[in-house]
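# A look at the structure
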Amino acid sequence: MDELWMQVSAKLEGAVGANNHDRWIKPLRLTALDQGVAAFDAPTRFVSDWVNRHFARQILDGLAEASGTRVERLRFEIRPERVANNPERAPADSASRAAAPAAVATNDLGAPLDQRFTFDNFVVGKPNELAHAAARRVAEGERVSFNPLFLYGGVGLGKTHLMHAIAHEFQRNHPDAKVLYLSAEQFMYRFIQALRESTIMDFKEMFRNVHLLMVDDVQFIAGKESTQEEFFHTFNALVDKGKQIVISADRAPGEIKGLEERIKSRLSCGLLVDLHPTTYELRLGILQSKTDAFRAQYPGLSIAPGVLEFLAHRITSNVRVLEGALQRLFAVANLTHREITQDLTQDCLADILRASDRRVSVEEIQRKVADHYNIRLSDMIGPKRVRNVARPRQIAMYLSKQLTSRSLPEIGRRFGGRDHTTIMHGVRKVEELAAGDETLAEDLDLLRRLLEA
Ligand SMILES: Nc1ncnc2c1ncn2[C@@H]1O[C@H](COP(=O)(O)OP(=O)(O)OP(=O)(O)O)[C@@H](O)[C@H]1O
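The protein chain is annotated in an unreviewed UniProt entry as Chromosomal replication initiator protein DnaA of Paracoccus albicereus. We quote the UniProt Subcellular location (unreviewed entry) comment for the protein chain here in full: "Cytoplasm". According to its UniProt record, the protein chain has this under Subunit (unreviewed entry): "Oligomerizes as a right-handed, spiral filament on DNA at oriC."

What follows is the structure, given as structure tokens:
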């Protein structure tokens, strides 16, 4: 059984992510597989219920595939003494953290905190500077100046990252304080569990004894009346005691439909800060910082000039997608022992790039570049080879390759029917020159921004 489970568990890591895997799958032990029922030992009821709700399908499929038999049901027995890695008892000492840098339970009452989500790893720019400053202030924990701090903004813009950073820093400044970070979904789940098990008093006490409560994705409780009621009381009790609360949501309290008015108004009492969509500069900063981290992980990999700028320009949806793109790029380059070039980037990220295609046209690029260098638009496609015409033309070729998803032959056709090798030569030439020529690099940056606007 152990061997079978090891095999399935390893596969599940890819499907559910390392954090979930560490927290929920690893603590389970498969004890029997009989007549379509898989029996497990689990450390707590909370873990088994969570697994049942969130990962049952993947576990059933994984077991069926690995065992070659039909598996239809999961059964759990709560045996904390029999499972090796009980997350609820995970030690929070620094040695164990060093061994598992990605996820660890410093936050033993709530969800695990990601060790990578710190203030040091958070890149600050115009769109998030206010949120970052407010988060820093709360993390000092000196006095409660605004309660709650309400962070909101679109998907993948860093709300969770900032909340974890606050939790880490607050705990560092106040080692004895109880910090509780959890998602609104977990809040609801724990509340229902407490009702079911008649442990509501314990539940209330647990929440009311924390020094810092952080609830992520609060929009989740919209429309869930009794959870809202309980949340409201917890919230008031903590505010009355002068304890800090941090909340995040995908939109401002007033815009969350299905949220009671009194909760909206309570949530709006403190400081509301908005994480704005990223700018080109912030995206580039984040990419540079993540690249430094990846370099440590993949020593020896090199990245050609212009690739990060290309990604920052083209992937504008959110930071999670940007990060995923870079991660994929490093993994592929590592596996294939290749340098990360523009070509590799376009091959390996074709799907992501297509999805966030900015639809800048080659014609528009030619027009802007011709204006910038004061040459005629017709020279872009004409045959002139003098330097003051040929160089801007190569720059336009380079930008066309960077900013559009056109292939080299397609770009060639738009430059007066030139061959794709001529375009490739132009692109390479500009890459080489930009690496050593600051004025050219600045020109490219400016043109990119003009085209992005
Ligand atoms: N300014 C930043 N600097 C560094 N990394 C960032 C920044 N903003 C976001 N990230 C990274 O982007 C990813 C997504 O961020 P996070 O999970 O905090 O987003 P979110 O706003 O909570 O999104 P969701 O609404 O989906 O929960 C994380 O890996 C995070 O580290």
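## Comments concerning the site of the ligand
Contacts to the ligand come from 18 residues, most closely from Val123, Gly156, Thr160, His161 and Glu323. The side chain of Lys159 places a nitrogen or oxygen atom 2.9 Å from an oxygen atom of the ligand. Take Glu323: an N or O atom from its side chain is 2.6 Å from an oxygen atom of the ligand. Elements represented by at least two residues in the shell around the ligand include exactly helix 7 (159-173), helix 12 (280-297) and helix 14 (319-336). Looking at the shell around the ligand, you find at least three residues from each of domain 2 (129-274) and domain 3 (280-356).

## Here's the deal with the sheet that holds strand 3 (residues 73-78)
Pairing within the open sheet is mixed, and its three strands lie in the order 1-2-3. If you trace the sheet from one side to the other, it starts and ends with strand 1 (29-34) and strand 3, each paired once. Averaged over all neighbouring strand pairs, the angle between strand axes comes to 25°, with direction disregarded. Here strand 2 (residues 37-42) runs beside strand 3; their pairing, made up of six bridges, is parallel. Counted as the bridge partner of Asp41 is Glu77 from strand 3.

Calculation criteria
- Residues numbered from 1 in each chain as written.
- Predicted model: local features only at pLDDT ≥ 70, side-chain atom pairs only at ≥ 80, totals over all residues.
- Heavy atoms only, no water.
- UniProt positions renumbered as here; feature names shortened; annotations may be inferred.
- Near = heavy atom within 4 Å.
- Polar contact = N/O pair within 3.5 Å; in protein donor to acceptor, adjacent residues only side chain to side chain.
- Helix = DSSP H or I, 4+ residues; strand = E, 2+ residues; numbered from the N terminus.
- Domains from an automatic or database assignment.
- Pairing = 2+ DSSP bridges.
- Axes fitted to C-alpha atoms, helices over the stretch in contact; angles between N-to-C directions.

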